[in-house]
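As a plain string of letters, each chain reads:
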Amino acid sequence: QVQLVESGGGLVQVGGSLRLSCEAYGSIISLATMGWYRQAPGRPREWVATITTGDIPNYGESVKGRFTISRDNAKNTVYLQMNSLKPEDTAVYYCRSSSFSATYWGQGIQVTVSS
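Quick caveat: nothing in here was measured; it's all calculated off a predicted structure.

Reading the values: rules and limits
Numbering of residues begins from 1 in every chain and follows the order in which that chain's sequence is written. Thresholds applied to this predicted model are a pLDDT of at least 70 for local features of residues and 80 or more for the giving and counting of side-chain atom pairs; totals over whole chains, interfaces and linings are not thresholded and use all residues. To obtain the side-chain values, all non-hydrogen atoms of the structure were used and water was disregarded. Between 30 and 60 degrees the pair is tilted, below 30 it is stacked and above 60 it is edge-to-face, where a pair is any two Phe, Tyr or Trp rings, Trp via its six-membered ring, whose centres lie within 6.5 Å. To sit over a ring, a charge needs its Lys NZ or Arg CZ within 6 Å of the ring centre and within 35 degrees of the ring normal. Segments assigned H or I by DSSP are reported as helices when at least four residues long, segments assigned E as strands when at least two residues long, and all are numbered from the N terminus. Here the term buried applies to any residue with accessible area under 20% of the maximum for its type, exposed to any over 50%, and partly exposed to those in between, with areas from a 1.4 Å probe on protein chains only. Should any heavy atoms of two residues lie within 4.5 Å, those residues are counted as being in contact. Two strands are counted as paired when DSSP detects at least two bridges linking them. Criterion for a disulfide: a pair of cysteine sulfur atoms within 2.5 Å.

1. Some thoughts on the packing of aromatic side chains
- Within this structure, the stated rule accounts for 1 aromatic pair.
- Geometry around W105 places R45 over its ring, the cationic atom sitting 4.8 Å from the centre.

Here is the structure:
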């Protein structure tokens, strides 16, 4: 019933930018902390960014200064603006919604950074 749908991924060159979107269905993101995580092949899942219900963002050290997380509650959507992309950013990116009562994950979307 609850579904998080990521979009905006793809192939980008080193130094380029992408904006990921995560639209929630069957839930209201204004009631939840939203986040982005990523997982590269053979690597554990890594926390990228979160944004609280009060629009306070937090970032992992590897993306701080390059990525920006934001939300549009009217569209029930959270975004991840990714700038100055590096090959190490290549991964499947997952959207997460976490509230007091439940946590939901998206299916993931591929981001590939190449030169």
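2. Concerning the side chain of S97
- One can find S97 in strand 9 (residues 91-98).
- Judged by its relative accessible area of 4%, S97 is buried.
- The residues contacting S97, other than those within four sequence positions of it, are L4, A32, T33, M34, A102, T103 and Y104.

3. Describing the pairing of strand 1 (residues 3-7)
- On strand 1, burial follows the alternation: L4 and E6 on one face are buried, whereas Q3, V5 and S7 on the facing-out side are not.
- Here strand 1 pairs with strand 3 (residues 18-25) via 5 bridges, running antiparallel. Counted as the bridge partner of S7 is S21 from strand 3.

4. Let's talk about unusual backbone geometry
- Residues other than glycine seldom take positive phi values, yet D55 does so here, at roughly 65°.
- Structurally, D55 is set in the loop between strand 5 (46-51) and strand 6 (57-59).
- Taking the relative accessible area as the measure of exposure, D55 reaches 44% and is therefore partly exposed.
- With phi around 50°, S84 is a residue other than glycine that occupies positive phi space.

5. A short note on the state of the cysteines
- Summed over all chains, the structure comprises 1 disulfide.
- Note that C22 is cross-linked by a disulfide to C95, the S-S spacing being 2.0 Å. The disulfide joining C22 to C95 has a torsion of about -85° about its S-S bond and is therefore left-handed. In this pair, C22 sits in strand 3 while C95 sits in strand 9, placing the two residues 73 residues apart along the sequence. Each member of the pair, C22 as well as C95, is classed as buried.

Distances and angles like these do not, on their own, reveal function.
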